[in-house]
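# Observations on the three-dimensional arrangement
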Amino acid sequence: MPNYAYTIRDATGSVIPGTSEAENEDILRRRLTEQGFSVVEVKQIKSTQKKIGGYGGIKKNELSIMCRQFSTMIDAGVNLVRCLNVLSEQATSPKLKAILTDVQNEVEGGQTLTRALEKYPTVFDRLFIGLVNAGEIGGALEESLQRLSQFLESDVALRRKVKSAMTYPVLILGFAGLVVMGLMTFVLPKFMTLFTDLGIKDLPAPTAILKGTSEFLMTKWYFAIVIVVGFVVAIKLLMKTKAGRRLIDKVKLRAPVFGKLNHKVALARFARTLATLLASGVAILQAMETVAGTVSNDIISDALLEARARIREGDRIAEPLAKSKLFPPMVVQMISIGEESGSLDPMLSKVADFYEDEVDAALESLTSAIEPVLIVTLGGVVGFIVIAMFLPLIAVIQNLSGGS
């Protein structure tokens, strides 16, 4: 997690410097403001901790297996250092093995498990750290690790379903692109040579369009590469700004067809994450801040942080969520019932189950709808190219038939 140096003023006007860790600058500013301070300046400072290199590439299912094994050993009475030693020996990933060995050394040196794991923020996110910390403080580390394992398994399964559903359309689009490129760069030029040999000068409009496109791809292909690279770079630069991330996240939620799917995925992750944190004994304010940092959508994240501020002032969770208009009435009602009955985390788990089922149904419907659309589109594009290539020949044959 990034570390920031800040300067604030208290109610008396005194200037107070300090440092703190936070998900990002906006969250730290909001946190300090909620505490009654006036923020003068916030700057990110470089960490003096050990660099983690490429450790961020560890898969979530590896972490899930590690958590399950960790929980089992803790529950069996194995001491923490011995657990870490066994886990590092059993790890199949060299990167995870190196991290666990370092964490073991830190714990042996007197460091808490939470602090040792915080050295690797790209591997162990705020949710992971928060649950481990809650387990250490509450003396129920094995339960926290078990819940963490279940959460990671659910998250991996959800991501796998979305990825699997998108694989077929991407493959079809890729194949269509290769077919079109092949026709435009190899087949069409040969037809153009044939038209020239036959003395055809006035090409039909569709054929002329294809000819111009083919010549562009063959002689000025680098412009196409520049456009694509420029677009990708622009998106990445946009994602580095708060306004840019909000714009893209807003598009994700409002995009035709995929917008509803993205919204359901975000709601499922919100409910599952918050339920897991609350069940592990994490305080509601800390849990809401953690969820806001892990929901992967700035629009929903801002709504959660606003709700957190309202909860701090004494409001219930459901009320500010309802006012944001981002949480459906069913979700708000379930949360409200959970608050009133004192069973918020089970209610959130039911919400997560419901939306994960909704995502499954949406993906199945989307896949079924996309298949015929892609086939018709591919057939239409290829058919247009073929017809456009043969139109001049048809005109020549008609002229010959008329002349005879």
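Residues numbered from 1 in each chain as written. Predicted model: local features only at pLDDT ≥ 70, side-chain atom pairs only at ≥ 80, totals over all residues. Heavy atoms only, no water.

Right, let's get into the overall build of the protein. Secondary structure assignment for the protein yields 16 helices and three strands. At 29 Å, the protein has a C-alpha radius of gyration far larger than the 22 Å of a compact globule built from 404 residues. Taking the principal axes of its C-alpha atoms as reference, the protein extends roughly 100 × 50 × 45 Å. Within the protein, the proportion of its 404 residues that are buried is 39%. (Helix = DSSP H or I, 4+ residues; strand = E, 2+ residues; numbered from the N terminus. Rg over C-alpha atoms; globule rule 2.2 N^0.38 Å. Buried < 20%, exposed > 50% of the residue type's maximum accessible area, 1.4 Å probe, protein only.)

Position of Arg310 among the secondary structure elements: in helix 13 (residues 298-312). A distance of 2.6 Å separates polar atoms of two side chains, one belonging to Arg310 and the other to Asp315. The contact partners of Arg310, leaving out residues within four places of it in the chain, are Asp315, Pro320 and Lys323. (Polar contact = N/O pair within 3.5 Å; in protein donor to acceptor, adjacent residues only side chain to side chain. Contact = heavy atoms within 4.5 Å.)

Turning our eyes to something else, we now look at empty space enclosed by the protein. The tally for this structure, following the rule as stated, stands at two cavities of 30 Å³ or more. By volume, the largest cavity is sized at about 50 Å³. What lines the largest cavity is simply Met66, Phe70, Leu84, Leu100, Leu113, Leu117, Phe124, Phe128, Val132 and Leu145. Looking at the lining of the largest cavity residue by residue, the classes come out as 10 nonpolar, no polar and no charged. Here the second largest cavity is characterised by a volume of approximately 40 Å³. If you list the elements that add at least two residues to the lining of the second largest cavity, you get helix 7 (141-197) and helix 11 (258-279). (1 Å grid on protein atoms, 1.4 Å probe; cavity = no way out; pocket = protein on both sides within 12 Å on 5 of 7 lines; lining within 4 Å. Points joined across faces, edges and corners; volume = space filled by probe spheres on them. Nonpolar A, V, L, I, M, F, W, Y, C, P; charged D, E, K, R; others polar.)

Moving on, we get to the environment of Ala292. Examined against the element boundaries, Ala292 turns out to sit in helix 12 (residues 284-294). Looking at Ala292, the relative accessible area reads 4%, which means it is buried. Through-space distance from the C-alpha of Ala292 to that of Asp155 is 16 Å; in sequence the pair is 137 residues apart. If near-sequence neighbours (up to four positions away) are discounted, Ala292 is found in contact with Ser301, Leu304 and Leu305.

One pass over the full model with this rule turns up 18 salt bridges. Between Glu153 and Arg68 there is a salt bridge; the shortest N-O distance is 2.9 Å. Residue Glu153 is found in helix 7, and its partner Arg68 is found in helix 2 (residues 60-75); the two are separated by 85 residues along the sequence. Classification of Arg68 by relative accessible area gives partly exposed; the value is 30%. Through salt bridges with shared partners, a single ionic network connects Lys60, Asp155, Arg159 and Arg269. (Salt bridge = Lys/Arg side-chain N within 4 Å of Asp/Glu carboxyl O.)

Within this structure, the stated rule accounts for six aromatic pairs. Arranged with centres 6.2 Å apart and planes meeting at 65 degrees, the rings of Phe191 and Phe195 form a pair that is edge-to-face. Of the two residues, Phe191 and Phe195 both sit in helix 7, four residues apart, roughly one turn of that helix. Of the two residues, Phe191 and Phe195, both sit in the buried class. Under the relative-accessibility criterion, Phe191 is labelled buried at 16%. (Phe/Tyr/Trp six-rings, centres within 6.5 Å; stacked < 30°, edge-to-face > 60°.)

Keep in mind these values describe shape, not function.
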